[in-house]
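Given next are the chains, with one letter for each unit.
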Amino acid sequence: MPKAGARIVRVTKVVLDVLKPHQPTILELSRLIGELAGVKSVHTVLREVDADTETVVLTIEGPALDYNVLLDVIRGCSASVHSVDEVSVEKLDEGVH
Amino acid sequence: MALWDGVRGRIGRFKRYVRITEADEVARRYFVMNAFDGSLTILGIVLGTSLLRVREPRVVIGAGVGASLAMGMSGFFGTYLTERAERTRELKKLERAMVTQLDETVWDEASSFVSIWAAFVDGASPALTAFIAVVPFIICHMGLIGFETALAASVVLVFATLVFLGAYLGHISQENIPINGMRMLLVGIFTALVIWLLSEKGVETAAALITSTA
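Thresholds applied
- Residues numbered from 1 in each chain as written.
- Chains lettered and ligands numbered in written order.
- Predicted model: local features only at pLDDT ≥ 70, side-chain atom pairs only at ≥ 80, totals over all residues.
- Pairing = 2+ DSSP bridges.
- Helix = DSSP H or I, 4+ residues; strand = E, 2+ residues; numbered from the N terminus.
- Axes fitted to C-alpha atoms, helices over the stretch in contact; angles between N-to-C directions.
- Contact = placed C-beta atoms within 7 Å.
- Core = buried A, V, L, I, M, F, W, Y, C linked by C-beta atoms within 7 Å.
- Buried ≥ 20, exposed ≤ 12 C-beta atoms within 10 Å, placed from the backbone.

1. Topic: the sheet that holds strand β4 (residues 80–91) of chain A
All names here are of chain A.
For step 1, the next point in the chain: Taken in spatial order, the 4 strands line up as β2-β3-β1-β4 in an open sheet, and their pairing is antiparallel. Every interior strand has two partners, whereas the edge strands, β2 (41–49) and β4, have only one. Strand-to-strand twist of the sheet, defined as the mean angle between neighbouring strand axes without regard to direction, takes the value 15 degrees.
For step 2, the next point in the chain: Of the pairings in the sheet, the one linking strand β1 (residues 9–21) to strand β3 (residues 53–61) comprises 9 bridges and is antiparallel in character. Note that in β3 the partner of Leu-19 across the bridge is Thr-55.
For step 3, the next point in the chain: Against the sheet, helix α1 (residues 26–34) engages β1, β2 and β3, with an angle of about 150 degrees to β2.

Quick look at the structure:
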């Protein structure tokens, strides 16, 4: 319950630079993230392919993204976030919980 | 309904593990190789004991079930340890490439699962094919058929298993299925012939043939 005058912000977009093995595929990774609550769309671009790994850029959008849950799913797929390249947050109207 | 969802979820996870580690190819290879081993081993036991003029189904059942169990155990533990070593090596290679630990991730879970899955296939396939060939002797022991019928049925079952394995290989390689089946059958017939030749009766026949031609 926020205090009076407190501002509630929600993360609505993150762009992540992710290093992952070839398996699970970007299709599977995107689908798993897309199934999360608060996620509306996932856009994945393959940027680089190496012998055992690949680098992808994930653009995740939704009304209320939980960054820690996103990290858990990415980590669960044996991938790791190299950098957070972009973030969008929206402030809810004050008094609206 | 919740139980069904749980089972479905688990099956989906196993499928993902198999896809990630490409274990279907490994399991296929183990299945055919070891089922073939099991078939030929039991053919050797069945023909060997019969050529020694053993007419007691209990002897064949004992030897056959014992061999099935031994092949099953050897297949399971041998493959588990081998696959585990290979998968651990692969995981470590991936960890080096990722510059991170992959504990409790899908790759870690898939590696453990696949070692057990491959071990199960490797252990179950020879035990199953060997056991199939023992079934006629169990029926014989129950007094439903005679020993000679059980022997013939057992050899036919081994040959049928070999044809099935060959056909399966033909299906995998997308080649001619009957030809592949027959090819595998020929190996079985050749093995049976060699066992027969090495038996007392075979040696006698071969000696008689050599004498008559000399």
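The structure having been displayed, the exposition proceeds.
2. Quick look at the nonpolar core
Residue and element names in this part refer to chain B.
For step 1, the next point in the chain: By size, the foremost hydrophobic cluster in this structure holds 58 residues, and its most contacted members are Ile-42, Val-46, Ala-118 and Ala-133.
For step 2, the next point in the chain: The biggest single contributor to this core is helix α4 (residues 106–141), with 15 residues.
For step 3, the next point in the chain: Setting aside chain neighbours within four positions, we find Val-46 in contact with Val-60, Ala-133, Leu-151, Ser-154 and Val-155.

3. A closer look at unusual backbone geometry
For step 1, the next point in the chain: Following Gln23(A), the chain continues into Pro24(A) via a peptide bond in cis, with omega recorded as -5 degrees.
For step 2, the next point in the chain: Relative to the helices and strands, Pro24(A) is located in the loop between β1 and α1.
For step 3, the next point in the chain: At Val99(B), a position not held by glycine, the phi torsion is positive, near 55 degrees.
For step 4, the next point in the chain: Structurally, Val99(B) can be placed in the loop between α3 (57–98) and α4.
For step 5, the next point in the chain: Taking the number of C-beta atoms within 10 Å as the measure of exposure, Val99(B) has 10 and is therefore exposed.
For step 6, the next point in the chain: Here Gln174(B), not a glycine, exhibits a phi torsion of approximately 55 degrees, which is positive.
For step 7, the next point in the chain: Among the secondary structure elements, Gln174(B) is positioned in the loop between α5 (147–173) and α6 (177–198).
For step 8, the next point in the chain: For Gln174(B), a count of 7 C-beta atoms within 10 Å corresponds to the exposed category.

4. Overview of the environment of Val7(B)
For step 1, the next point in the chain: Mapped onto the secondary structure, Val7(B) falls in helix α1 (residues 2–21).
For step 2, the next point in the chain: Measuring from C-alpha to C-alpha, the distance between Val7(B) and Glu56(B) comes to 46 Å, with 49 residues separating the pair along the chain.

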